[in-house]
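Results of the structural survey
Here are the chains, one letter per residue:
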Amino acid sequence: MKVTELREFSNEELMQKLAENKQELFNLRFQNAINQLENPKRIGDVKKTIARIKTIIHEREAENSAV
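Here's what I pulled together on the structure shown here. (Residues numbered from 1 in each chain as written. Predicted model: local features only at pLDDT ≥ 70, side-chain atom pairs only at ≥ 80, totals over all residues. Heavy atoms only, no water.)

With that settled, the discussion passes to the packing of helix α2 (residues 11–33) against helix α3 (residues 41–66). In contact at an axis separation of 9 Å, α2 and α3 are set at 155° when each is read in the N-to-C sense. The angle between α2 and α3 falls in the class roughly antiparallel. The hand of the α2/α3 crossing is left-handed. Contacts between α2 and α3 involve Asn 11, Leu 14, Met 15, Lys 17, Leu 18, Asn 21, Lys 22, Glu 24, Leu 25, Leu 28, Arg 29 and Asn 32 on the former and, on the latter, Arg 42, Ile 43, Val 46, Lys 47, Thr 49, Ile 50, Ile 53, Lys 54, Ile 56, Ile 57 and Arg 60. Per-class residue counts for the contact of α2 with α3 are 11 nonpolar, 4 polar and 8 charged. (Axes fitted to C-alpha atoms, helices over the stretch in contact; angles between N-to-C directions. Helix = DSSP H or I, 4+ residues; strand = E, 2+ residues; numbered from the N terminus. Parallel < 35°, antiparallel > 145°, perpendicular 65-115°, else oblique. Left-handed = near helix turned anticlockwise from the far one by under 90°. Contact = heavy atoms within 4.5 Å. Nonpolar A, V, L, I, M, F, W, Y, C, P; charged D, E, K, R; others polar.)

This structure, assessed with the given rule, holds 3 salt bridges. A salt bridge links Arg 42 to Glu 24; the shortest N-O distance between them is 2.7 Å. With Arg 42 in helix α3 and Glu 24 in helix α2, the pair connects residues that are 18 residues apart, well separated along the chain. For Glu 24, a relative accessible area of 26% puts it in the partly exposed group. Lys 41 is the salt-bridge partner of Asp 45, the closest N and O atoms lying 3.4 Å from each other. (Salt bridge = Lys/Arg side-chain N within 4 Å of Asp/Glu carboxyl O. Buried < 20%, exposed > 50% of the residue type's maximum accessible area, 1.4 Å probe, protein only.)

Moving on, we get to unusual backbone geometry. For residues other than glycine, phi is negative in most cases, and the peptide bonds are mostly trans. Despite not being glycine, Asn 35 shows a phi value in the positive range, around 60°. For Asn 35, the position within the fold is in the loop between α2 and α3. Asn 35 sits in the exposed class, given a relative accessible area of 70%.

Counting 12 residues, the largest nonpolar core is built from Leu 6, Leu 14, Leu 18, Leu 25, Leu 28, Leu 37, Ile 43, Val 46, Ile 50, Ile 53, Ile 56 and Ile 57. Other than its neighbours up to four places away in sequence, Leu 28 contacts Leu 37, Arg 42, Ile 43 and Val 46. (Core = buried A, V, L, I, M, F, W, Y, C linked by side-chain atoms within 4.5 Å.)

Here Leu 37 is to be found in the loop between α2 and α3. Taking C-alpha positions, Leu 37 is 9.6 Å from Asn 27, a pair spaced 10 residues apart along the chain. Aside from chain neighbours lying at most four places away, what touches Leu 37 is Leu 28, Gln 31, Asn 32 and Ile 43.

The following block contains the structure:
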């Protein structure tokens, strides 16, 4: 998911997306451990998406606290 798409979401929606991505990462790691993962690159993609979401949340918190 692109950053521009993520910035359009509200804070609540971002938190929901974050939880969904963390669950997906857990499932992917589990599949990887039992050698059933079809696309190992997906783990990196999900990690990057989680980092993007956390960055946007942190930026918004910094904006609100500075004001």
